[in-house]
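Examination of the molecular architecture
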Amino acid sequence: MKAIVINGCCSAEQLQVSDIPVPQAKPGWVLVKIYAAGLNHSEALLRTHEADNDYINTPIVPGIECVGEIADASDSHFAEGDRVIALMGGMGRSFNGSYAEYALLPTKNVFKVSTTLDWLSLAAVPETYFTAFGSLTECLLLQGGDVLLVRGATSTVGQAAIQLGKAMGATVVAAARRENSFAQLTSIGADHCVIDDGLISEQTLPDRPNKVLELIGPKTLRDSLLMVSRPGYVCQTGLLGNVFTVPQFDAIKYIPNGVFLTGFFSNFPSQAVIDRLMDIIENAHISPLYKRVFSLDQIVEAHTLLESGGAGGKLILKIR
């Protein structure tokens, strides 16, 4: 089968298509025939910074998510031909991932889906929409009537959160650095848009949020905690600001009274959550967003764009 294999840290220009054996199914694992896979910044980080570390099982096929069909169900509850999505659980780091025509994956990280979406649209869902949905439901406990502010709204997770939040009955405020992105954010469901100058808490907002999805990270976290109404919830999910910790964190002084701070970790998807997510996407007629589609032969161009951060949306790898 065709696959992208890396042996250690390398440049995007060093990526190439290789021929490797199709893996054989084994107990507890299923063989997935891959149709498409979402590309993620974490895969660029793997290639540029992580691949030489002992915890990466090189040589490795990158890729933390995919969509496809069960080719060999092994001893699982699946049947050959089932339409599935797969994500996380060590894909592309501990064992071969989704930059290939087939992947042997642990049953616990493969989920059957019933959907009218085409393969490319479905490929935009697993990691991005699961992360957004988990943040909104498990962490922010989002309900109809809430006012949700999405900070980092132009990111892939931010845009997914806008679509899902609107479908769940919230008033959605999108925060972005540039006004020229407002029209696009409004078109996917944002009720209001605000400029993120780092001090949104000092602005007069059309609707004061009681829930904030924080995708910038510690760089703006304190401001997010200050802007919510009381009681208020802030979910720390992203690190787009490239600041990874809060120095000398003092929870008593840092988190205002009546504000609840939580964080979403996307390593533990479940069939029940995936079912709920897909139901909302189908029932609300959400069109999963992606920006560009690449073939395996275009992996150098895809990863160059991924690494630069200039994609402007989700990138999809079309396998078939």
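Here goes a summary of the coordinates provided. Quantities reported herein were computed from a predicted structural model and do not represent experimental measurements. Every chain's residues receive numbers from 1 upward, in the order its sequence appears when written. Reporting in this predicted model follows two pLDDT cut-offs: at least 70 for local features of residues, and 80 or more for side-chain atom pairs to be given and counted; totals over whole chains, interfaces and linings ignore these cut-offs and use all residues. Water and hydrogen atoms were dropped before computing side-chain values, which therefore reflect all heavy atoms in the structure.

The strand order S10-S9-S8-S11-S12-S13 describes an open sheet built from 6 strands, whose pairing is parallel. The open sheet is flanked by strand S10 (192-195) and strand S13 (259-263), the only strands paired with a single partner. Within the sheet, the average angular offset between the axes of one strand and its neighbour, ignoring direction, is 20°. The pairing of strand S8 (residues 147-151) with strand S9 (residues 171-176) spans 5 bridges and is classified as parallel. Paired with Val147 across the strands is Thr171, a residue of S9. Residues are treated as being in contact if the distance between any of their heavy atoms lies within 4.5 Å. Fitted lines through C-alpha atoms give the axes, limited to the stretch in contact for helices. The angle between two N-to-C directions lies from 0 to 180 degrees. Each helix corresponds to a stretch of at least 4 residues labelled H or I by DSSP, and each strand to a stretch of at least 2 residues labelled E; elements are numbered beginning at the N terminus. The sheet contacts of helix H4 (residues 156-167) involve S8, S9 and strand S11 (211-214), and relative to S8 the element is tilted by about 170°. Here, a strand pair is defined by DSSP locating no fewer than two bridges between the strands.

Another point: unusual backbone geometry. Here the bond from Thr58 into Pro59 is cis, since omega is -5°, no more than 30 degrees from zero. Look at the link from Arg230 to Pro231: it is a cis peptide, with omega at -5°. Structurally, Pro231 is set in the loop between helix H6 (218-227) and strand S12 (232-236). One non-glycine residue, Gln248, lies in the positive phi region at around 45°. Structurally, Gln248 is set in the loop between S12 and helix H7 (251-254).

Looking now at the pairing of S9. Summarising burial for S9: 5 of the 6 residues are buried, a large majority. Handedness of the crossover is the feature at issue here: the chain leaves S8, passes through H4, returns alongside S9, and the resulting connection is right-handed. Pairing of S9 with S10, which is carried by 4 bridges, proceeds in the parallel orientation. Counted as the bridge partner of Ala176 is Ile195 from S10. Chirality of the crossover, the property in question, places the unit of S9, helix H5 (residues 182-187) and S10 among those that are right-handed. Per-residue accessibility, obtained with a 1.4 Å probe over protein chains only, is compared with the maximum for each type, and a residue is labelled buried under 20%, exposed over 50%, and partly exposed between these values. By the criterion used throughout, a crossover qualifies as right-handed when its path from the first strand across the helix to the second strand runs clockwise, the strands pointing away from the viewer.

Within this document, salt bridges are pairs made up of a side-chain nitrogen of Lys or Arg and a carboxyl oxygen of Asp or Glu, the two lying within 4 Å of each other. Scanning all chains against the criterion turns up 9 salt bridges. Between Arg93 and Glu50 there is a salt bridge, with its nearest N and O atoms 2.5 Å apart. Remark: Glu50 occurs in helix H1 (residues 41-50) and Arg93 occurs in the loop between strand S5 (83-87) and strand S6 (102-106); sequence separation between them is 43 residues. Here Arg93 and Glu50 have matching classes, each one buried.

Quick look at empty space enclosed by the protein now. Grid points spaced at 1 Å and placed over the protein atoms alone form the basis of the search, with a cavity being a set where a 1.4 Å probe fits but cannot get out and a pocket an open set showing protein on both sides within 12 Å along at least five of seven lines. Lining residues have an atom within 4 Å of a point. Grid points are joined across faces, edges and corners, and a volume is the space filled by probe spheres set on the points. Counted by the stated rule, this structure contains 1 cavity of 30 Å³ or more. Quantified by volume, the largest cavity comes out at close to 40 Å³. Lining the largest cavity, in full, are Ile4, Ile6, Leu15, Glu43, Arg47, Pro62, Tyr99 and His303. Of the residues that constitute the lining of the largest cavity, the class distribution is 5 nonpolar, 1 polar and 2 charged. Note on residue classes: Ala, Val, Leu, Ile, Met, Phe, Trp, Tyr, Cys and Pro are nonpolar, Asp, Glu, Lys and Arg are charged, and everything else, Gly too, is polar.

So, about the environment of Pro23. The residue Pro23 is located in the loop between strand S2 (17-19) and strand S3 (29-39) in this model. Counting along the chain gives 266 residues from Pro23 to Leu289, while the straight-line C-alpha distance between them is 31 Å. In contact with Pro23, other than residues within four places in its own chain, are Met1, Leu31, Tyr102, Ala103 and Leu104.

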